[in-house]
Amino acid sequence: MAEYDYDVLVIGAGPGGYVAAIRAAQLGLKVACVENRETLGGTCLNVGCIPSKALLHGSELFDEAANGTLAKFGVKLGSVELDLPQMQAEKALAVKELTGGIAFLFKKNKVTWLKGKAKFTALHTVEIAGETVTARDIVIATGSSVTPLPGVMVDNAAGRIVDSTGALALDEVPSHLVVIGGGVIGLELGSVWRRLGAKVTVVEFLDQLLPGMDGEVRKESAKLFKKQGMELRLSTKVTGAQLKLNGAKADGVQLALEPSAGGAVETLDASHVLVSIGRRPNTDGLGLDAIGITPNKRGQIETASDFHTAVEGVWAIGDVIPGPMLAHKAEDEGLAVAENIAGETGIVNHDVIPSVVYTMPEIAGVGLTEEQAKERGEIKVGKFPMMANSRAKTNREGDGFVKVIADAKTDRVLGVWIIASLAGTMIAEAALAMEFGATSEDIALTCHAHPTHAEALKEAAMAVRGKPIHI
Ligand code: FAD
Ligand code: NAD
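Since this is a predicted model, take the numbers as computed values, not measurements.

Asker: Is there a simple way to think about the overall build of the protein chain in this case?
Answerer: Scanning the protein chain from terminus to terminus reveals 14 helices and 22 strands. At 24 Å, the protein chain has a C-alpha radius of gyration in line with the 23 Å of a compact globule built from 471 residues. Judged by the C-alpha coordinates and their principal axes, the protein chain covers about 70 × 70 × 50 Å. Once local pairs closer than 6 in sequence are excluded, the contacts in the protein chain between residues at least 24 apart make up 63%. Of the roughly 21,900 Å² of accessible surface on the protein chain, a fraction of 53% belongs to carbon and sulfur atoms. Looking at the protein chain, you have 46 positive and 57 negative side-chain charges, and the mean spots of the two groups are 4 Å apart.

Pasting the structure below:
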């Protein structure tokens, strides 16, 4: 049998790769993880989930202080001022602590961190910073990068036309931020800058925000974002961007807009532009041709359900394979692939992957949308408004609702959708229920603590059979 430098080599140290590496080491394998960045944790910890949540939290606190929510509850402040450098410093600290935490976990679990960009040169073989490294099993966990928009050139350093990485690092509050793409990133980062004082316009190609989510949730979200002051330009596309120069420096951007279906061009002036039209898998420069892997039409690496690719000894997980681009999906795939490599049985149930948009209120869902469920058969739907939930009402967080979709015959829960201040936390219960194959009656008969937002899920489940109490 061939001798290899490592049992397992993981390419990429994002939530997919670092989790796979740690679990493989826990299972007794000799493991290395290659990472290109200066710090571990991938997109999520460095320029994604973590820094965005730090700014979402900071901007929520500012909003509560500046816009009278705290005063309404009797917390009186003097004048409220934004200290943006401090907010950014607190974000940077969270990123440093968490990426450093992964380095600590690598040491603790004896995972070797190989610094540099990995490229396949042959089966079981990669080149990293001029060195050749071999491994019996190689996991591709290279993640994804921003999809560029032709005609709208991102330059994060200049700071006028930015992608999510640039929008997380702005050193001033935009006077008018135009967000191109009304998906998760656009709405989360648009919310951050709106709360800090920017006028925000979202230009979305489709006729609704948040593609992939339940139709009613998409419509209600649009209403709430409008109520919060965001301007929405739906069914509209951006066809070009021109920097407005003031001497040698740009002090704004002029965008060319058109109806998505084509039509008259109009212009829109912005101080800053965020391009957030999706992300694409990272496979460029990886040397996939050297081992005979061809990405699919969407640039993704296809795998079997155990995450093995078509090529012996090569596995792939996370954003680089099909499925939602979510950190927790990547992590679960990381656990499963390590277990499969070690000869155990690692499984991910892709039918039950929750997704959360961390706006205020939060927007969350798991399982089928009402539209998808209807296509598959007869369903019953129970809804409960957060306005009628005692805790949400007390906290003045009455926007949103919970919706439970169940099979009409078996009552099995097929999907749950929530708009609520704590939707991201509440959806975990729905995911657990669905993983256990619960019926709506199971949720309705489960005692929920009072007063909690989670009671709204119980009441929505009761509403499936027409018997909620509080509406
Ligand atoms: P990544 O995290 O992208 O990690 C891949 C790593 O591989 C990178 O560090 C890259 O440098 C490295 N790499 C690539 N090629 C090579 C190579 N050839 N050699 C060596 N190293 C290489 N998801 C959520 O679930 N919740 C959120 O709240 C959330 N917020 C987000 C906010 C933003 C602004 C963004 C951009 C994304 C967010 N996401 C969120 C998505 C989440 O970040 C991704 O789904 C997740 O990071 C994917 O994990 P991954 O391990 O597949 O890849
Ligand atoms: P997205 O796919 O969520 O949204 C992109 C939006 O841009 C879509 O609504 C699409 O219709 C629109 N669009 C595409 N082309 C356009 C054009 N030319 N003009 C106007 N609109 C256009 O992508 P994203 O917001 O960039 O996020 C990328 C990925 O990162 C997502 O897959 C998401 O799962 C992940 N992410 C997750 C979280 C979270 O879990 N909270 C947060 C941020 C990012």
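Asker: Any chance you could explain the sheet that holds strand β13 (residues 249-259) here in plain terms?
Answerer: Within the open sheet, the three strands sit side by side as β12-β13-β14. Their pairing is antiparallel. Looking at which strands have only one partner, the edges of the open sheet turn out to be β12 (236-246) and β14 (266-270). Mean inter-strand twist for the sheet, computed between neighbouring axes without regard to direction, equals 25°.

Asker: Would you take a moment to explain the nonpolar core for this structure?
Answerer: Considering soluble globular proteins, one finds that nonpolar side chains tend to be buried as a cluster. Ranked by size, the top nonpolar core spans 55 residues in total, and within it L9, F106, F120 and I140 carry the most contacts. The biggest single contributor to this core is helix α1 (residues 15-26), with seven residues. Non-local contacts of I140, meaning those with residues more than four positions away in its chain, are made with I11, F120, L286, L288, I293, I301, V314, W315, A316, I317 and V320. In this structure, V162, L168, V357 and F401 belong to the second largest nonpolar core, which totals 38 residues.

Asker: Any chance you could explain helix α7 (residues 184-195) here in plain terms?
Answerer: Quick reminder: α-helices carry 3.6 residues per turn. Residues three or four places apart thus point the same way. Compared with the 16 Å implied by 1.5 Å per residue over 12 residues, the 17 Å span of α7 between its first and last C-alpha is a close match. Among the 12 residues of α7, 10 are classified as buried, and the element is accordingly described as predominantly covered. Within α7 the residues assigned to the buried category are G186, L187, E188, L189, G190, S191, V192, W193, R194 and R195. Following α7 by one or two positions, G197 adopts a phi angle in the positive range, close to 120°.

Asker: What am I meant to see in the packing of aromatic side chains here?
Answerer: Working definition: an aromatic ring pair is given by the centre-to-centre distance plus the angle between the planes. Scanning the entire structure with this criterion turns up zero aromatic pairs. The ring of Y6 has K30 sitting right over it, with the charged end atom 5.1 Å from the ring centre.

Asker: Sorry if this is basic, but what is going on with the site of ligand 1 here?
Answerer: For ligand 1, the set of nearby residues contains 38 residues, the closest of which are G16, E35, T43, K53 and A327. The side chain of K53 places a nitrogen or oxygen atom 2.6 Å from an oxygen atom of ligand 1. The side chain of D319 places a nitrogen or oxygen atom 2.9 Å from an oxygen atom of ligand 1. About the coverage of ligand 1: the protein hides 94% of its 1,000 Å² of free accessible area.

Asker: Where do I start with the state of the cysteines in this structure?
Answerer: What we call a disulfide is simply a covalent bond connecting the sulfur atoms of a pair of cysteines. Following the criterion strictly, the structure yields one disulfide and no others. Left unpaired, C33 is separated from the closest cysteine sulfur, that of C44, by 14 Å.

Asker: Just checking my understanding: could you explain the domain arrangement of the protein chain for this structure?
Answerer: Buried accessible area, meaning the area lost when the parts come together, often serves as the stated size of an interface. Splitting the protein chain by domain gives domain 1 (6-146 + 280-341), domain 2 (161-277) and domain 3 (355-463). The C-alpha-based centres of domain 1 and domain 3 are spaced at 30 Å. Counting from both sides, the interface comprises six residues of domain 1 and, opposite them, six residues of domain 3. When domain 1 packs against domain 3, close to 480 Å² is buried across both sides, 71% of that on carbon and sulfur atoms. Where domain 1 meets domain 3, there are zero salt bridges.

Asker: What am I meant to see in the site of ligand 2 here?
Answerer: Neighbouring ligand 2 are 21 residues; I185, E188, E204, G278 and V356 lie closest to it. With respect to ligand 2, the backbone of G278 contributes an N or O atom lying 2.9 Å from an oxygen atom. Counting residues per element, the shell around ligand 2 draws most heavily on α7, at three residues. Taken together, the residues that form the shell around ligand 2 break down as 13 nonpolar, five polar and three charged.

Asker: How do you make sense of a nonpolar patch on the surface when you look at a structure like this?
Answerer: Residues F73, V75, L77 and V80 make up a contiguous nonpolar surface patch of about 340 Å² in total accessible area. Looking at the secondary structure, you find V75 in the loop between α4 (69-72) and α5 (84-108). Judged by its relative accessible area of 40%, V75 falls in the partly exposed class.

Asker: Whenever I open this one, helix α14 (residues 455-464) confuses me. Can you help?
Answerer: By the criterion of burial, α14 is predominantly enclosed, with nine of the 10 residues buried. Restricting attention to buried positions, one finds in α14 the residues E455, A456, L457, E459, A460, A461, M462, A463 and V464. Buried positions along α14 lie against β20 (379-385), α11 (390-394), β21 (401-407), β22 (413-420), α12 (423-435) and α13 (440-444). Where α14 ends, the next residue or the one after it, G466, has phi of about 75°, a positive value.

Asker: Which parts of the structure should I look at to understand the sheet that holds strand β11 (residues 231-233)?
Answerer: Two modes of strand pairing occur in sheets, parallel and antiparallel, and in both the strands are linked by backbone hydrogen bonds. With parallel pairing, five strands are arranged side by side in an open sheet as β8-β15-β9-β10-β11. The sheet is open, and its two borders are formed by β8 (161-162) and β11, each paired with just one other strand. With five bridges joining them, strand β9 (residues 176-180) and strand β10 (residues 199-203) adopt parallel strand pairing. Across the sheet, V178 pairs through a bridge with T201, a residue of β10.

Asker: What should I look at first to understand the pattern of salt bridges in this one?
Answerer: Any two side chains of opposite charge can pair, on the condition that their charged atoms come close. Summed over the entire model, instances satisfying the criterion amount to 17 salt bridges. For E172, the salt bridge goes to R160, with nearest N and O atoms at 3.5 Å. Taken together, the residues span a long stretch of sequence, with E172 in the loop between α6 (164-167) and β9 and R160 in the loop between β7 (144-146) and β8 at a distance of 12 residues. By relative accessible area, E172 is classed as partly exposed at 35%. A relative accessible area of 15% places R160 in the buried class. For E370, the salt bridge identified is with K374, shortest N-O distance 3.1 Å. One end of the pair is E370 and the other is K374, both in helix α10 (residues 370-376) and four residues apart, which spans about a single turn. What emerges from the salt-bridge pattern is a single network uniting D214, E216, E370, K374, K383 and K403.

Criteria and thresholds
Residues numbered from 1 in each chain as written. Chains lettered and ligands numbered in written order. Predicted model: local features only at pLDDT ≥ 70, side-chain atom pairs only at ≥ 80, totals over all residues. Heavy atoms only, no water. Helix = DSSP H or I, 4+ residues; strand = E, 2+ residues; numbered from the N terminus. Rg over C-alpha atoms; globule rule 2.2 N^0.38 Å. Contact = heavy atoms within 4.5 Å. Areas by Shrake-Rupley, 256 points an atom, 1.4 Å probe, with all protein chains shown as cover. Lys, Arg positive; Asp, Glu negative; His and termini not counted. Charge placed at Lys NZ, Arg CZ, Asp CG, Glu CD. Pairing = 2+ DSSP bridges. Axes fitted to C-alpha atoms, helices over the stretch in contact; angles between N-to-C directions. Core = buried A, V, L, I, M, F, W, Y, C linked by side-chain atoms within 4.5 Å. Buried < 20%, exposed > 50% of the residue type's maximum accessible area, 1.4 Å probe, protein only. Expected span 1.5 Å × (residues − 1). Phe/Tyr/Trp six-rings, centres within 6.5 Å; stacked < 30°, edge-to-face > 60°. Lys NZ or Arg CZ within 6 Å of the ring centre and 35° of its normal. Near = heavy atom within 4 Å. Polar contact = N/O pair within 3.5 Å; in protein donor to acceptor, adjacent residues only side chain to side chain. Disulfide = S-S within 2.5 Å. Domains from an automatic or database assignment. Buried area = accessible area lost by both parts, 1.4 Å probe. Salt bridge = Lys/Arg side-chain N within 4 Å of Asp/Glu carboxyl O. Nonpolar A, V, L, I, M, F, W, Y, C, P; charged D, E, K, R; others polar. Patch = residues over 30% accessible without salt bridge, like charges linked within 9 Å, V, L, I, M, F, W, Y side chains within 5 Å.

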